[in-house]
Amino acid sequence: MAIKEEGYNIVLETLDPCRVGGVEDKLSGIHNPVTKVGGRVCIPGASLKGAYRTKIEEFLIDTNTRTNNHDKASKPCIPSTKLSSNEEKLIGKYRDRRGACHYPCDLEEGHRRGKCGNERHPICPACYLLGAAGLNGFVRTVPFLFADTSTSQLYSAAMDRATNTVKEGANRPYEVIPSHTRFEGEMVILIEDTILGWRLGEPRTAADKTLGDAWLNGKKLDPDKLIKEYVKDRLESIQWIGGYKSKGCGRVKIKVEGPI
Ligand SMILES: [Zn+2]
Ligand SMILES: [Zn+2]
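Residues numbered from 1 in each chain as written. Chains lettered and ligands numbered in written order. Predicted model: local features only at pLDDT ≥ 70, side-chain atom pairs only at ≥ 80, totals over all residues.

1. Points about the pairing of strand β1 (residues 3-14)
Relative to strand β8 (residues 182-193), β1 is paired through 11 bridges, and the arrangement is antiparallel. In the sheet register, Lys4 faces β8, and the bridge partner there is Glu192. For β1 and strand β10 (residues 252-257), the ladder comprises six bridges, and the chain directions are antiparallel. Considered in β10, the bridge of Asn9 is made with Glu257. (Pairing = 2+ DSSP bridges. Helix = DSSP H or I, 4+ residues; strand = E, 2+ residues; numbered from the N terminus.)

Here is the structure:
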C-alpha cells in the first residue's frame, strides 16, 4: 500500500454554553449566529485546529524547558507575520524565530535578495504535524465537528438571562450552543507514504532548500507514542473553544477515539 492513514474520532462535549461564531446572518435576522454548515451546527476545523496548535506549542515549550533542550529546531514557530508585543518577548527564549515555517526557503541568488537571505530554516514540530506553507503535515485533516443538535435547540443568550446560565446580558442577543451538546468528526493522520518516502516519526527527505525536520534528526519516534503525546493528549487537553469566555461560555471536554 502506498499510503497508510489512520482515522480517529474526535468527540467534543460542551460543558458550558458554547459560542463559536459565524458572520451575521442577514436572512435569519439573528445577531451573532453560531457557525452552521448546511443548516447543521458545527465547530469549524479552523477553530479546532487553532486550539490544538496552541496546545502543541504549550507542550513543546514546556517539554523543552523541562528537559533543558535548547535545540532551535524543537521550538515552535509563530505562524503569523505580525507579532504582538507579548509574542515578541517569546522569540529566542521559547520560540525559534520570526515568522512561520515554510518550504522551500527563498534564498538569495545573485543580486536577488530572497526572503530567507542566506539562511535555511527548519520545519518546527507543530508544523510537522499541522503543515507549513508549501508543505503538508502528517495530520491530514482537523475536521469540522458536527453537533447532533438541531438549530431549534440553540438559544439566544440575551433572552435566557433568567436561567442565569449566561450571567451577563448582552446588548444584542447572540446565539449559543447549549451545554452538553455532543459534537463529532473524523481526523485523519498519515502514517506512511511510500511514494514520498514519508514515515510518521521520522524526518522527511526534501529535495528543495530547507533544513527540513531537523527536530527529528538522528531520531525515530514511535508513531503510536507520537500520536498519543502530540495528538491525542494535546487535543484532549483543550478545555475551551470559542468566544465569550467572560460571559460564561466555552468549557468543553474532548475525547479522541481510535484508530477507527
Ligand atoms: Zn512551524
Ligand atoms: Zn526559510
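And the narrative resumes.
2. Some thoughts on helix α4 (residues 223-236)
An ideal rise of 1.5 Å per residue puts 20 Å on 14 residues; α4 measures up with 18 Å between its terminal C-alpha atoms. Along α4, the sharpest kink reaches roughly 30 degrees, centred on Glu229. Taken together, the buried positions of α4 are occupied by Ile227, Tyr230, Val231, Lys232, Arg234 and Leu235. Check the buried side of α4 and you find it contacts β1, α1 (45-66), α3 (125-130), β4 (139-141), β8 and β10. (Expected span 1.5 Å × (residues − 1). Bend = angle between axes of the 7 residues up to and from the residue. Buried ≥ 20, exposed ≤ 12 C-beta atoms within 10 Å, placed from the backbone. Contact = placed C-beta atoms within 7 Å.)

3. Regarding the nonpolar core
If you look at the biggest cluster of nonpolar residues, it comprises 47 residues, and the most contacted ones within it are Ile43, Cys124 and Cys127. Only β1, β3 (40-43), α1, α3, β5 (145-147), β8, α4 and β10 provide two or more residues apiece to this core. A total of five residues in this core trace back to one element, the largest contributor, which is α1. (Core = buried A, V, L, I, M, F, W, Y, C linked by C-beta atoms within 7 Å.)

4. Topic: unusual backbone geometry
Here the amide bond leading from Tyr103 into Pro104 is cis, since omega sits at -10 degrees, within 30 degrees of zero. Locating Pro104 in the fold gives a position in the loop between α2 (85-90) and α3. At Asn68, a residue that is not glycine, the phi angle is positive and equals roughly 60 degrees. Its identity as a non-glycine residue notwithstanding, His180 has a phi of 60 degrees, on the positive side. Relative to the helices and strands, His180 is located in the loop between β7 (175-176) and β8. On the basis of neighbour count, His180 is assigned to the exposed category, with 12 C-beta atoms found within 10 Å.

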